[in-house]
Each structure stands twice: as C-alpha cells, then as structure tokens.
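# Breakdown of the fold
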Amino acid sequence: MSKVSVIVPIYNSEKTINRCVESIINQTYKDIEILLINDGSIDNTLNILNDYANKDKRIVVINKKNEGVSKTKNLGIKKAKSEFIMFVDSDDYIDKEAIKKLVLLQKKDNLDIIKFHYNNYVDDKLYNTELKYPNYCVLDNEKKIKEFKNKFLSGEIPGYMQLLFIRKSSLGNLLIDDKINFLEDLTFYLDLLDKNIKIGILNERLYNYVNNKNGITFSLSTDKVVNRLNNILLYYKHTTLLNFDKEQRQLIYNSCSYLIIHSLFELYRVSFKNKKLIKKYLKDDEIISIITNANCDKLDRFTKRIVKNYNNLLIVFFYLFITKIYICIKERMWLYVYCVYTYL
C-alpha cells in the first residue's frame, strides 16, 4: 500500500492536465498512489489520462459522469488506499519536493493535518500574499487552534483543500458537503477543525495555484452569481450547526456580509437589468439577519456603505452605479495607458 494518495478531480482539462500530472509523477517521493478522476469531460482529457496510466502503474484513472467537484473529491476520498491523502486541481501543479517534505514533517511530529502555502499565478504572473504564520508551528493547544480558526474565518488564511495533507483515518466519516459548490472547501475545513486532531502549519509555498482571467474562474454571468449567493447562504447555514463562540460568530457575519454585498455588486455589474433580483436578495430575511449583525468597523468601505443603507434602495443603487462607473473608467484607463505605451 502506498503512503500517500494524490487525488486529482478533472473536468475538460486537456490544456493543463499534462503539467499537473507531470508535477505529481516526477515527485522525489515515489511511494504514492495517483487517482485521476475524470468528471465526465467532453474534450480529449480522458485519452490523455489513459496514456499516463499505461506508462505509470501508480496511476488509477476513474471515469464517471459529470457530477461536480465536490462529489468527485468525495469519490477520491473513498477510493484512496493510502494512509495520507492530498488534492491537486487539474489546472494547478505542485513543487517537486512537496510530498517528500510533507511526509518527513508528518513523521517528525506525528501530525494528522499539515496546512501548507501556495504561489498564486494569474495569467502567468505571480501575485503572492503575505504569510500569516512563522515558517513552521504546531497547533498543540486550544489558544493556538482558536487563533488559527479566527484567522481562517476572517479570510486571512486561505481555505483551499488543495493546501492540506491529511491522515485519512482522522476524517472518520467526514466528506465534503456536496450540496454546496461554492465555499465547499470552507465547510470541509470547519468540519475538520471541529475534530480532535493535531495540526501543523508549514508556511512554505509547495502548491502552485493557477488562474486564467479568460477562464471559468473569472467569467461572470447572472446564473453564476446567483449560484454563488445561494451557496453563501448554504455555507452560513452550515456554520450555524457548528460550535463557535461570540467572537467567531461575529467573524462569520462579517465575512458572509462581505461575500453577499460584493456578489450583489457583481449582479449589478453583469447587467443593470438585475435590479429586481438585487432587491429580492436585500429583502431576504436571512440576508438581512446576516448583514445587520455585521460589525461595520471591520468591513471595507464599499461593503460598509451598502450594509448601513441596505433598506434604502435608492442609496444602494447609487453606490452600485458609482462603483460600476469607477471600475469601468479604471479598466479603460489601463487599456488607454497600455495602448499609448505600446504605440510609443
């Protein structure tokens, strides 16, 4: 039995899957199982996966109908045969020494979970965030665990499942909530932190997270933003089932308010015709409960303005309109500067 199972959920990734898989099969640590799970791709992805499986006996290809990333990851958790599991998205790739470093660290301190860090690439440009912890620490008491949870709830620490190295037995029966397809990683994290486990924080960038502004992550539509809003409410309902103190509840109100208000702005940005939809959300009892409990002193200026005036739609739409115009001017200004620079 391999020591580590690497789970890769894949959908229509023919352009990026080679880099992803190569980064895994070329790890300096070789005792791994590689689960490549094709979630009903309709491009050439499956053929590429089968080619890899024919060349490397560590690779297991699982082909299934399209059900979304949460169910695909859950299938990977169930199928993994190793003592430890980790996830890599098909657009991304990992450092050549990543698994070796994680295995050695786990053995040294007998950890159940290791949270590590990442490089953030947007259109091949690196945009790294500040590290929030020392290079390495173990959360071995309630005070440290609470501090970590608070940073996580406030958004200071990213909640990506891909940044976790997990002892599979520590999960018990825990799976991802597959009713949620936005913020599903956060719900999994919170469920995990509720368990009695030993966590190590390694602030080394072992994962490379890749975004393309022309890709799915950055594209906007009314349906996508509505789905995001509905999932924010599902995430909030999930948090009500967990044990948080007053300070942590406040962080949840703040973060959900931020996500809701910025999603409402995205609805307005997609189309002025979404005004009725925005009004509907601003009259929703659950949303009102969330934003009225937010601490405005901890919100950004835009979110604060909307939260304070949520029941005055005239003011709300004035701020939405002004912000949309400002962003349009800003984007066009950068285009103008770029064109002038190119011409000169």
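Let us look at the structure shown here. (Residues numbered from 1 in each chain as written. Predicted model: local features only at pLDDT ≥ 70, side-chain atom pairs only at ≥ 80, totals over all residues. Heavy atoms only, no water.)

## Describing the overall build of the protein
Stated formally: Only DSSP runs of H or I covering at least 4 residues are called helices, and only runs of E covering at least 2 are called strands; the numbering of each starts at the N terminus. Atoms counted for the radius of gyration: C-alpha only. Globule rule: 2.2 Å times residue count to the power 0.38. Any two residues having at least one pair of non-hydrogen atoms within 4.5 Å are treated as being in contact. Each accessible area value is a Shrake-Rupley result obtained with a 1.4 Å probe; residue values ignore everything except the protein chains displayed when judging cover. A residue counts as positive if it is Lys or Arg and as negative if it is Asp or Glu; His and the chain ends are not included. The location of each charge is read from NZ of Lys, CZ of Arg, CG of Asp or CD of Glu.
A count of helices and strands for the protein gives 12 helices and 10 strands. Against the compact-globule benchmark of 20 Å for 344 residues, the protein has a radius of gyration of 22 Å, which places it among compact chains. For the C-alpha atoms alone, the extent of the protein along its principal axes is close to 65 × 55 × 40 Å. Intrachain contacts of the protein at a sequence separation of at least 6 include 80% that bridge at least 24 residues. With the model as given, the accessible surface of the protein reaches about 18100 Å², and the carbon-plus-sulfur share is 52%. Separation of charge centres in the protein, based on 54 positive and 41 negative side chains, amounts to 4 Å.

## Considering unusual backbone geometry
Selection criterion: Relative accessibility under 20% of the residue-type maximum defines a buried residue, over 50% an exposed one, and the middle range a partly exposed one, all with a 1.4 Å probe and only protein chains included.
Residue Asn12 is not a glycine yet carries a positive backbone phi of 45°. As for its position among the elements, Asn12 is in the loop between strand 1 (4-10) and helix 1 (17-25). A relative accessible area of 29% places Asn12 in the partly exposed class. One non-glycine residue, Asn110, adopts positive backbone phi at about 50°. Position of Asn110 relative to the elements: it lies in the loop between helix 4 (98-109) and strand 6 (113-122).

## Examining the pairing of strand 1
Working note: regular strand, side chains alternate between the two faces of the sheet. Selection rule: Two strands make a pair as long as DSSP finds a minimum of two bridges between them.
Burial analysis of strand 1 places 7 of its 7 residues in the buried class, the great majority of the element. Side-chain alternation along strand 1 places Val4, Val6, Val8 and Ile10 on one buried face and Ser5, Ile7 and Pro9 on a second face that is also buried. When strand 1 meets strand 2 (residues 32-39), the two strands line up parallel, connected through 7 bridges. Within strand 2, the position partnered with Ile7 by the bridge is Leu35. As paired strands, strand 1 and strand 4 (residues 84-87) are joined by 4 bridges and run parallel to one another. Paired with Ile7 across the two strands is Phe87, which belongs to strand 4.

## A short note on helix 2 (residues 45-55)
Residue pairs spaced three or four apart in an α-helix point in one direction, given the helix's 3.6 residues per turn. Basically, it comes down to this: What the arc measures is the spread of directions leading from the helix axis to the C-beta atoms.
The complete set of buried residues in helix 2 reads Thr45, Ile48, Leu49 and Tyr52. Buried residues of helix 2, viewed axially, fall in a sector of 100°; they line one side. Those residues of helix 2 hidden inside the fold are in contact with strand 1, helix 1, strand 2 and strand 3 (59-64).

## Notes on the state of the cysteines
Here is the rule we go by: In what follows, a disulfide is any cysteine sulfur pair within 2.5 Å.
For the structure on display, the rule yields 0 disulfides. Counting only cysteine sulfurs, Cys256 is the nearest neighbor of Cys296, a cysteine outside any disulfide, at a range of 15 Å.

## Quick word on the pattern of salt bridges
Close approach of charged atoms lets side chains of opposite charge pair. Under the convention used in this document: Here, a salt bridge means any Lys or Arg side-chain nitrogen found within 4 Å of an Asp or Glu carboxyl oxygen.
In the structure shown here, the tally under the stated rule is 16 salt bridges. Arg167 is the partner of Asp112 in a salt bridge, and the nearest nitrogen-oxygen pair spans 2.8 Å. Here Asp112, found in the loop between helix 4 and strand 6, pairs with Arg167, found in strand 9 (residues 164-167); they are 55 residues apart in sequence, far enough to count as distant. Exposure remark for Asp112: the relative accessible area of 16% places this residue in the buried category. Close ionic contact of Lys179 with Asp177 constitutes a salt bridge, the shortest N to O distance being 3.1 Å. The exposure class of Lys179 is exposed, given its relative accessible area of 60%. On the basis of relative accessibility, which here comes to 15%, the residue Asp177 falls in the buried class. Each of Lys3, Glu83, Asp112 and Arg167 takes part in salt bridges that share partners, so that together they form one network.

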